[in-house]
Structure formats: C-alpha cells, structure tokens
Amino acid sequence: MTIIRLSSPPADTAVAAWHAVVRAAHRSDLPAEVPPPGRVQTEGKLRQPSVNAEAVHLAAVAADGSYDGVASLVLFHEESNRHTAFLDVLAVHPRARQRGIATRLWSAVRDELAAGGRTSVSAEIELGGAGETFATRLGFVNVLPLAWYVQNITDAVAAHPVQPPLPDGYTYVHWTGVVPDAFAAAFAEAHNAMEDAPSGDMDQATPTWDAERVRAAAQVIEDRGGVILSSAVVHTAGGTDAVAAYTELVLRDPSDVRALQYDTVVVPAHRGRGFGRAVKRHMVTAVAAAHPGVREIATTVADENGPMLAVNEHLGYRRERTIAYVQAKPALHDPGCSGGLKPPASSSDRAM
C-alpha cells in the first residue's frame, strides 16, 4: 500500500477509486436513511477548490490500483486563517480497516500541515463510533457540539400551508445560483452578521464577506455540478434594499433527494420579527416548486444556538444524529493508533 497525492485535476480513474471509498465508508458508518454522496459531488470536490482555499487530496493505493483509504485537507489562503486547516475527509474502505491505513493517512496529513506551517486542524466527526475514538487518540478535542436535523418537506408544507406574512416595508425574494447584482452588496453585508454565531473554541476566524466573495462561493457550487438556492427577506424602506434575513439551500447533485441547508441568518437590526422562521418556510416553497424530487432538508445546528433550535422545532425538524466540530494541534500528538476519522460534509444554521 502506497500513499499518493492526487494530481490536479485528477484522472477519471482516480475519481472513481475515491468515490468507491467514500460511498462504502458512508454506507458502513452512517444510518441507512442518510443518502450517500453521488458521483457528481465527489468529482466536483476533487476538481473544484473552495473559495480562498486549496485542497490536498491523498489516497492509500492498494496493490491492484484500487484505493484503501482517502483524505482531503483544506488549506485556507486568507491571512487570518493561514495558521489552520480543515480535514474534510479521512475515510478507510471497510474491507481495508484494522490495517493501520488511517494512521498512515493521518501521518501524510500531518506532513502537509507542517509543510504549510499550519499549527491547528479541525474536522467535523460523528460521535459515538470508531471515528470519535480515533480522533480522540490523535488529540482532537470537541470545541463545538452539533447535531444533524432533518425536515420532511411534505410534512412541513402540510403543517404550515401558508407563508408567514411580513411587516410593511419587507418582501420575500429568492433566486437560484449566483446572487443578482441588485442584491449582491446587501447579501454580503448580511453574511457578515455570522460573526456572532456560536463558534465554541474554534481556532478559526470568521471570513469577511463582500459581493465578490458571495458570488464566488455560489459559483463554486455550480462549477462542482450542484445547485444553490437562496431565499431572503428584503427591507425595501428607505430607498435602498437591505437583506434583513436569508437562508441558502444546496443540492450537491441535481438528483439529490435530500438538500443541505447552509447558513440561515437574521441581521441583528431586524431580529425579533420572526424572520428566521419566515425565510426558512419561504425556502420550502421555493425548493418544492423548483425541485419536486427533493424530499428532505438537512442541516446542522450548534447545541448552544437556542433561537435556531426553536425555529427548526416549529418547522418540524427532527434530530437525526450527533456530531461535533473538533480541533487538534497535531504537532503535539503522536498518531500511534489505527481506526478511521470520517468527517461528514457540513451545513449549518449558525446564527439567528
């Protein structure tokens, strides 16, 4: 078995081998009702980097050329986060477990962290399984408890058949893809309200958003073959439209039956009017009309985010499984163990 770093862009055979690992690991480690990643999602993440970051993709190659395990490390470019990184995936095929492959992949990840001058690394992990045990042995600590919540779209519409009315001076707006120019600056300003979102003890600065960055973030999702939908409550009084609240929904593959809720934000000046609940209910209508094959919406919420938990409970979200945002300073720890760390892909309702 050999550890390699994938070329950029990776060959089709490499994408297929990688996809076989992440799907097999997903089916082994997660509940059956959680849809596995599609090929479009896998290929998109391997070939299209995130905004202001680069990804290093590592694979443990077996003698027959298949992959026994894979790891992806995201290295942030912005100055405030050049000291840290995000371990997006570390997964071992079930057939190849208990052979020290996860340990060898982690060693390769540590080498990349050292080469980049990164002093900390974070990940999202499932709690209660081998991944948590492995992460703990590596020195990862839980810095932000979270959970996945799932909403059934049909049930949500039946329970709340009418969209909440908005006060005078406010209106609903929604779009698919990159934000329209008319709302780009206001949309970026609303993104910056994420600064007061629960973040635990994470050693990672909240990025600063501008119109260029919000456009680029949406474009990455589309370039990866996915779909992003946005719903907003816009304050139209005063002659300049301001985004009072927004929520984003992503299909990483157009054929997805479970959409991922990304950030939901209510700007501080407009809180206390029920806009978090309103904008999320508006999104249900938008996705049901545009993508009738989508049956569920899934999101993560921090345990300490009481307001968003209350909104989600009202809208019929059920708690599915517990995860955590974990963090380590790998130079301080010896990876002398075997196992597997497989962070789930992340979405979040982090701020009201």
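Since the model is a prediction, treat every value here as computed from it, not as a measurement. (Residues numbered from 1 in each chain as written. Predicted model: local features only at pLDDT ≥ 70, side-chain atom pairs only at ≥ 80, totals over all residues. Heavy atoms only, no water.)

## So, the confidence of the model for the protein
The pLDDT averaged across the protein works out to 91; a share of 92% of its residues lies at or above 70. With pLDDT under 50 throughout, residues 332-340 is counted as low confidence; its partners more than four residues away or in other chains account for 25 contacts. Every residue in residues 342-347 scores below 50 in pLDDT, and together they form 35 contacts with partners more than four places removed in sequence or on other chains. (pLDDT = per-residue confidence, 0-100. Contact = heavy atoms within 4.5 Å.)

## Focus: the nonpolar core
Ranked by size, the top nonpolar core spans 28 residues in total, and within it Leu73, Leu87, Leu90, Trp106, Val109, Val121 and Phe140 carry the most contacts. Among the secondary structure elements, those contributing two or more residues to this core are β2 (53-61), β3 (67-76), β4 (84-92), α3 (101-115), β5 (120-126), α4 (130-137) and β12 (318-328). Considering each element in turn, this core owes the most residues, seven residues, to α3. Residues contacting valine 109, with those up to four places away along its chain left out, are Leu58, Ala71, Leu73 and Leu87. (Core = buried A, V, L, I, M, F, W, Y, C linked by side-chain atoms within 4.5 Å. Buried < 20%, exposed > 50% of the residue type's maximum accessible area, 1.4 Å probe, protein only. Helix = DSSP H or I, 4+ residues; strand = E, 2+ residues; numbered from the N terminus.)

## Some remarks on the sheet that holds β2
Taken together, the twelve strands give an open sheet; going across it, the order is β1-β2-β3-β4-β5-β12-β6-β11-β10-β9-β8-β7, and neighbouring strands pair in mixed fashion. Strand pairing shows two members of the sheet lacking a second neighbour, β1 (2-5) and β7 (170-176), which therefore form its edges. For this sheet, the mean angle separating the axes of adjacent strands, direction not counted, is 25°. By the bridge criterion, nine bridges tie β2 to β3 in an arrangement that is antiparallel. (Pairing = 2+ DSSP bridges. Axes fitted to C-alpha atoms, helices over the stretch in contact; angles between N-to-C directions.)

## Details of the environment of valine 227
Within the secondary structure, valine 227 sits in strand β8 (residues 227-235). Considering only alpha carbons, one finds valine 227 and arginine 27, 200 residues apart in sequence, at a separation of 24 Å. Once residues lying within four places of it in the same chain are set aside, the contact partners of valine 227 are Thr176, Ile221, Leu249, Val250, Leu251, Pro254 and His291.

## With respect to the side chain of serine 120
Counting through the fold element by element, serine 120 comes out in strand β5. Side chain to side chain, serine 120 and threonine 84 meet in a polar contact 2.8 Å long. Leaving out residues up to four positions away in the same chain, serine 120 has contacts with His83, Thr84, Ala85, Leu113, Asp203, Ala328, Lys329 and Pro330. (Polar contact = N/O pair within 3.5 Å; in protein donor to acceptor, adjacent residues only side chain to side chain.)

## A look at the packing of aromatic side chains
Geometry of an aromatic ring pair is reported as the spacing of the ring centres plus the angle between the planes. Applying the stated criterion to the full structure yields six aromatic pairs. Judged by centre distance (4.8 Å) and plane angle (55°), the rings of tyrosine 170 and phenylalanine 275 are tilted. Remark: phenylalanine 275 occurs in helix α8 (residues 275-290) and tyrosine 170 occurs in strand β7; sequence separation between them is 105 residues. Of the residues examined, phenylalanine 275 reaches a relative accessible area of 2% and is grouped as buried. (Phe/Tyr/Trp six-rings, centres within 6.5 Å; stacked < 30°, edge-to-face > 60°.)

## Considerations on α8
With 16 residues, α8 extends 22 Å from end C-alpha to end C-alpha; this agrees with the ideal 22 Å at 1.5 Å per step. Looking at α8, one finds that the buried residues are Phe275, Gly276, Ala278, Val279, Lys280, Arg281, His282, Met283, Val284, Ala286 and Val287. (Expected span 1.5 Å × (residues − 1).)

## A closer look at the packing of helix α1 (residues 12-29) against helix α2 (residues 39-47)
In the contact formed by α1 and α2, the axes pass within 10 Å of each other and the chain directions differ by 120°. Our classification of the angle between α1 and α2 gives oblique. Between α1 and α2 lies a crossing whose hand is right-handed. The segment α1 lies against α2, with Asp12, Val15, Ala16, Trp18, His19 and Val22 engaging Arg39, Thr42, Glu43, Leu46 and Arg47. In terms of residue class, the contact of α1 with α2 is built from five nonpolar, two polar and four charged. (Parallel < 35°, antiparallel > 145°, perpendicular 65-115°, else oblique. Left-handed = near helix turned anticlockwise from the far one by under 90°. Nonpolar A, V, L, I, M, F, W, Y, C, P; charged D, E, K, R; others polar.)

## Thoughts on the pattern of salt bridges
Overall, the coordinates contain 15 salt bridges when judged by the stated rule. The partner of glutamate 296 in a salt bridge is arginine 258, and the shortest N-O contact between them spans 3.0 Å. Of the two residues, glutamate 296 is situated in strand β11 (residues 296-302) and arginine 258 in strand β10 (residues 258-266); the sequence distance between them amounts to 38 residues. According to the relative accessible area criterion, glutamate 296 is buried, its value standing at 18%. Its salt-bridge partner being glutamate 320, residue arginine 258 comes within 2.8 Å of it at the nearest N-O pair. Here glutamate 320 lies in strand β12 and arginine 258 lies in strand β10, a separation of 62 residues in the sequence. (Salt bridge = Lys/Arg side-chain N within 4 Å of Asp/Glu carboxyl O.)

## Some words on the pairing of β11
Look at any regular strand and the pattern is simple: side chains alternate between the two faces of the sheet. Counting buried positions along β11 gives seven out of seven residues, so the element sits mostly inside the fold. Residues Glu296, Ala298, Thr300 and Ala302 point to one face of β11 and Ile297, Thr299 and Val301 to the other, with burial holding for every one of them. As paired strands, strand β6 (residues 141-152) and β11 are joined by seven bridges and run antiparallel to one another. Counted as the bridge partner of valine 150 is alanine 298 from β11. Relative to β11, β10 runs parallel, the two being bridged by three bridges. Paired with arginine 258 across the two strands is glutamate 296, which belongs to β11.

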